[in-house]
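Okay, here's what each chain looks like letter by letter:
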Amino acid sequence: MRDAGRPSQARGKRYSPGDKKRPYLVVIQRCCQIAAAIDLLFFVLFYAVGSPLLAWINIVSIAMYAAAYMAATRGRQSAAVCLIWAEVLGHAALGTLMVGWDSGFHYYLLMFIPGIFVSTRGAKAVLVVFALWSFYVALNATSYFVAPIEPLQPVALVVLRYFNISVVFAMFSYLTWYYFGAIVAAQKRLSALAMTDPLTGLYNRRYIMELAGYEAVQQKRLLTNLAVLIVDIDFFKAVNDSHGHEAGDSVIVAVGEVLKSSIREQDSAARWSGEEFLIVLPDTNLDAAAMVAERIRANVAALAIPHGAGTLEATVTLGVASYRLGETIGATIARADAALYKGKNGGRDRVETG
Ligand SMILES: Nc1nc2c(ncn2[C@@H]2O[C@H](COP(=O)(O)OP(=O)(O)OP(=O)(O)O)[C@@H](O)[C@H]2O)c(=O)[nH]1
């Protein structure tokens, strides 16, 4: 028997939502590319100033970034992060001990701080930052007592320091820009998910209730009209029973599309429950709402929904009600619901007002 309902953990790999394109892995890859390019520049720079030993250290760094990039490509985040930590700590320590504190290699250590808080939380993050701070201070203290092993000419040292400062500024800017973009995109995705029905792309019940409540308050304030429609697919259970759940879903989606195309921009449609929809029509009186309902009924009745080699047909019954001052929006919806059931009892495929 297939274990279709079980999480993929059971098959060895841990399930993680959005696994395919985790933003953190993308950042790691970009950082590896940028850092390797910078190390290549260092290689050329150190050769030019006559320090081949320092130049070759950068080749080791490039190899480490290449390995970290490959690890990130394969989804091995921990391995990639460990390699980057090893490279930056090693490079900062070697650079400082060989060329001196004024080389500015220690600035790269500061770039870990935002990354630490992105990947870890709470006490662990504070502990890692503290360890980083200790390393930074120890490196600084050491540089006072140990003379540079491979000192550079004063001009070369100044160029190197300003180069390092510029790179750290650029990397920080990139990381901040990237993380901010990722946060905004995630917020947009979340708010769309929180208000949308996944099957039809219409609003969900929670959001339409919030919206209907807001429209009722507006109506009280401006004394305009407000109407609601409840739309229910007729004999829907029979569609599921005779053609299967997927065919039922196609009918729901097709009716949802009709609703979207049959209302104005200021109107809102939502999936209210299984095969039921709610439409909120601001600035609309009962007669106008009944006309919209009739248009929807006719448009649904004209549908030919592709299914297998043939097509499916559907009809809907609609209940219409207009908001009355002093009542709750829930009461208006209840009157539309009562009208809907009158329509169901009256033979379906019709519009009733309540
Ligand atoms: N395919 C599919 N079926 C659903 C979904 N949500 C609810 N249903 C089914 O919709 C059916 C609703 O059946 P009923 O409430 O009896 O309504 P009906 O058959 O349309 O009858 P009337 O409304 O009286 O015309 C049930 O069989 C539910 O299982 C869904 O998302 N997809």
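Since the structure is predicted, the reported quantities are computational estimates derived from the model, not experimental observations.

Caption draft 1: Quick look at a nonpolar patch on the surface. There is a patch of nonpolar side chains on the surface, built from Leu 110, Ile 113, Phe 117 and Val 126 and spanning about 310 Å² of accessible area. Of note, Ile 113 is situated in helix α5 (residues 112-119).

Caption draft 2: Seen up close, the UniProt feature "transmembrane region" (unreviewed entry) in the protein. Taking the numbering used here, the UniProt-annotated feature "transmembrane region" (unreviewed entry) corresponds to residues 105-120, 127-147 and 159-180. The distance separating the terminal C-alpha atoms of residues 127-147 is 31 Å; by composition the span is 90% helix and 0% strand. The span residues 159-180 is 100% helix and 0% strand, and its two end C-alpha atoms sit 31 Å from each other.

Caption draft 3: Region of interest: unusual backbone geometry. A positive phi angle, near 45°, is found at Phe 235, a position not held by glycine. With respect to the secondary-structure elements, Phe 235 resides in the loop between β1 (226-233) and α9 (236-243). The phi angle at Asp 349 is positive, at roughly 50°, despite the residue not being glycine. Within the secondary structure, Asp 349 is located in the loop between α12 (329-345) and β7 (351-353). Its relative accessible area of 30% is what places Asp 349 among the partly exposed residues.

Caption draft 4: Just the pattern of salt bridges, in detail. Applying the stated criterion to the full structure yields eleven salt bridges. Its salt-bridge partner being Lys 237, residue Asp 241 comes within 3.0 Å of it at the nearest N-O pair. Taken together, the positions of Asp 241 and Lys 237, both in helix α9 and four residues apart, correspond to about one turn of that helix. On the basis of relative accessibility, which here comes to 57%, the residue Asp 241 falls in the exposed class. Given a relative accessible area of 61%, Lys 237 falls into the exposed group. Residue Glu 327 is joined to Arg 335 by a salt bridge in which the shortest nitrogen-to-oxygen separation is 2.6 Å. Here Glu 327 matches Arg 335 in class, with each residue buried.

Reading the values: the criteria
Residues numbered from 1 in each chain as written. Predicted model: local features only at pLDDT ≥ 70, side-chain atom pairs only at ≥ 80, totals over all residues. Heavy atoms only, no water. Patch = residues over 30% accessible without salt bridge, like charges linked within 9 Å, V, L, I, M, F, W, Y side chains within 5 Å. Areas by Shrake-Rupley, 256 points an atom, 1.4 Å probe, with all protein chains shown as cover. Salt bridge = Lys/Arg side-chain N within 4 Å of Asp/Glu carboxyl O. Helix = DSSP H or I, 4+ residues; strand = E, 2+ residues; numbered from the N terminus. UniProt positions renumbered as here; feature names shortened; annotations may be inferred. Buried < 20%, exposed > 50% of the residue type's maximum accessible area, 1.4 Å probe, protein only.

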